[in-house]
Amino acid sequence: MKIQIKKFGEMLMSRPAGREAYLALSAYLIKGVDRQELLEIDFEGVKVLTPSWADEVITKLAQEFPNIKLLNTQNSTVEATLKTLRKYSDLKI
Amino acid sequence: MVNANLKNLALEWCVSENPKIAPGDYYCASRDFFIAQADNLSADLKIGGKINDSDAYMILAMIGEIGNNSFDHNIGNWPDAPGVFFGWSIDNSGAQIILADRGQGVMATLKKIKPEISNHQEALKVAFFERISGRAPESRGNGLKFVREGAKATKIHLTFISGDAQAELNQDFQIGAADRNIRGCLAIIEIKKR
């Protein structure tokens, strides 16, 4: 399945907002989805992403789904955030 | 580019013994208001093409991390006035953006998980460079590493003061004593027009 991150907003900055996004994902989008299924996370349309927001969403998704593909990560804040999470938050994607 | 008045307003609020003196339009008492103001800054930064979109978004992400840190680490525990000072000044030569809070400060926050930290300069070094763990169930603590990398990438100058320590970030990182003691945090971002 594919998750379009821009559906949570173009500017994704705070930890509480990330927590809320993950709760919504858990309740609706990934509920009942086979954890071995390929999960595509698409950043197309995201303008500002921070480690605080992403740590609450991307890091947690990566802990649940071993098969993740990241799409459209060219935005400078997306690239830098993923780099920070890989280095300091054990993100393994 | 440097708006001395804006800087003085932030400093006054940071060190005032009477925190009820709120700096008018620059005061964000809640996180929601801070986020809304960041949205306004997003539009202002791009007016006239002074700063390209990619750098503007990166600078906004850095500001998001610094401002949200103030709320994340002080919510329910503000010593007096809650919230942040958040102001900016943009002209033909570039922009200056200031964030400040009257929170616990970096050292008091980090001492909870790293009690061996003995002074503010050491606390800033840890905040900007070290991987911080042991905050379960919270996993906060990576924002300022991201800010350090962002300062390099966007070629801005960031002055970050907490306690009696002052860090200067651009392509390098330097740390020393601050002129004035700030209990919480004060961040000044200076961007030259490219």
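Since this is a predicted model, take the numbers as computed values, not measurements.

Some details on unusual backbone geometry
Residues and elements named next belong to chain A. One non-glycine residue with positive phi stands out, namely N72, at about 55 degrees. Positionally, N72 belongs in the loop between β5 (68-71) and α3 (76-88). Even without a glycine there, the phi angle at D90 is positive, about 60 degrees. If you trace the backbone, D90 turns up in the segment after α3. Accessibility expressed as a relative area gives 46% for D90, which makes it partly exposed.

Describing the nonpolar core
The tendency in soluble globular proteins is for nonpolar side chains to be buried as a group. Residues L45, I63, F86, I97, F160 and I191 of chain B are the most contacted members of the largest nonpolar core, which totals 50 residues. It is helix α3 (residues 53-74) of chain B that contributes the most residues to this core, 10 residues altogether. Apart from residues no more than four positions distant in its own chain, F86 of chain B is found in contact with Y26, C28, F34, Q37, A38, L41, I63, I97, I98 and L99 of chain B. Counting residues in hydrophobic clusters, the runner-up holds 25 residues, among them I30, L39, I41 and L85 of chain A.

Points about the layout of surface pockets
Its volume calculated, the largest pocket comes out at about 220 Å³. Considering the residues around the largest pocket, the lining is formed by 14 residues, among which M11, M13, S14 and A17 of chain A together with I35 of chain B are closest to the centre. At the level of elements, β2 (11-12) and α1 (15-29) of chain A together with α2 (31-46) of chain B are the ones that each hand at least two residues to the lining of the largest pocket. Of the residues that constitute the lining of the largest pocket, the class distribution is 9 nonpolar, 1 polar and 4 charged.

Brief notes about helix α2 (residues 51-64) of chain A
All names here are of chain A. Taking 1.5 Å per residue as the helical rise, α2 with its 14 residues ought to reach 20 Å, and the 18 Å between its terminal C-alpha atoms agrees with that figure. Extensive coverage of α2 is indicated by the burial of 10 of its 14 residues. By the burial criterion, the buried members of α2 are P51, S52, W53, A54, D55, E56, V57, I58, T59 and L61.

With respect to the confidence of the model for chain B
Residue and element names in this part refer to chain B. When pLDDT is averaged along chain B, the result is 90, and 91% of the positions lie at 70 or above. Averaged pLDDT values over the elements of chain B bottom out at 88 in helix α1 (residues 4-15) and peak at 98 in strand β4 (residues 157-169). Interface scoring of the predicted complex returns ipTM 0.95; its pTM is 0.95.

What about empty space enclosed by the protein?
Remark: the empty space left among the atoms is shown by a probe the size of a water molecule rolled over them. Residue and element names in this part refer to chain B. Considering all chains together, one arrives at 3 cavities of 30 Å³ or more under this definition. Reported here for the largest cavity is a volume of approximately 250 Å³. Taken together, 20 residues form the lining of the largest cavity, with N69, H73, V106, T109 and L144 sitting closest to its centre. Of all elements in the fold, only α3, α4 (106-111) and α6 (143-154) reach the threshold of two or more residues within the lining of the largest cavity.

Focus on the side chain of N68 of chain B
Secondary-structure assignment places N68 of chain B in helix α3. Non-local contacts of N68 of chain B, meaning those with residues more than four positions away in its chain, are made with M13 and S14 of chain A together with R31, F34, I35 and I63 of chain B.

Details of the sheet that holds β5 of chain A
Residues and elements named next belong to chain A. Spatially, 3 strands are ordered β1-β3-β5 in an open sheet, and the strand pairing comes out parallel. Only two strands of the sheet have a single partner each, and these edge strands are β1 (2-4) and β5. Going from strand to strand, the sheet's axes swing by 20 degrees on average, the running direction of each strand aside. In terms of strand pairing, strand β3 (residues 39-42) meets β5 through 4 bridges, oriented parallel. Each bridged residue has a counterpart across the sheet, and for D42 the counterpart in β5 is L71. Strand contacts of α2: β1, β3 and β5, with the helix running at about 165 degrees to β3, the strand carrying the most contacts.

Focus: the interface of chain A and chain B
Contact with chain A, which involves 25 residues of that partner, is made by 25 residues of chain B. Between chain A and chain B, a total of about 2,000 Å² is buried, with carbon and sulfur atoms accounting for 55% of that surface. Summed over the three residues of chain A that lose the most area to chain B, namely M13, R15 and Y88 of chain A, the buried surface amounts to 31% of that side. Notably, a salt bridge pairs R131 of chain B with D90 of chain A, separated by 3.0 Å at the nearest N-O pair. There are 6 residue pairs in polar contact (both at pLDDT 80 or more) connecting chain A and chain B. Looking at the side of chain A that touches chain B, the elements with two or more residues in it are α1, β4 (48-49), α2 and α3 of chain A. For the side of chain A that touches chain B, the element with the highest residue contribution is α3 of chain A, accounting for 8 residues. Residue composition of the side of chain A that touches chain B, grouped by class: 8 nonpolar, 9 polar and 8 charged.

Rules used in this analysis
Residues numbered from 1 in each chain as written. Chains lettered and ligands numbered in written order. Predicted model: local features only at pLDDT ≥ 70, side-chain atom pairs only at ≥ 80, totals over all residues. Heavy atoms only, no water. Helix = DSSP H or I, 4+ residues; strand = E, 2+ residues; numbered from the N terminus. Buried < 20%, exposed > 50% of the residue type's maximum accessible area, 1.4 Å probe, protein only. Core = buried A, V, L, I, M, F, W, Y, C linked by side-chain atoms within 4.5 Å. Contact = heavy atoms within 4.5 Å. 1 Å grid on protein atoms, 1.4 Å probe; cavity = no way out; pocket = protein on both sides within 12 Å on 5 of 7 lines; lining within 4 Å. Points joined across faces, edges and corners; volume = space filled by probe spheres on them. Nonpolar A, V, L, I, M, F, W, Y, C, P; charged D, E, K, R; others polar. Expected span 1.5 Å × (residues − 1). pLDDT = per-residue confidence, 0-100. Pairing = 2+ DSSP bridges. Axes fitted to C-alpha atoms, helices over the stretch in contact; angles between N-to-C directions. Buried area = accessible area lost by both parts, 1.4 Å probe. Salt bridge = Lys/Arg side-chain N within 4 Å of Asp/Glu carboxyl O. Polar contact = N/O pair within 3.5 Å; in protein donor to acceptor, adjacent residues only side chain to side chain.

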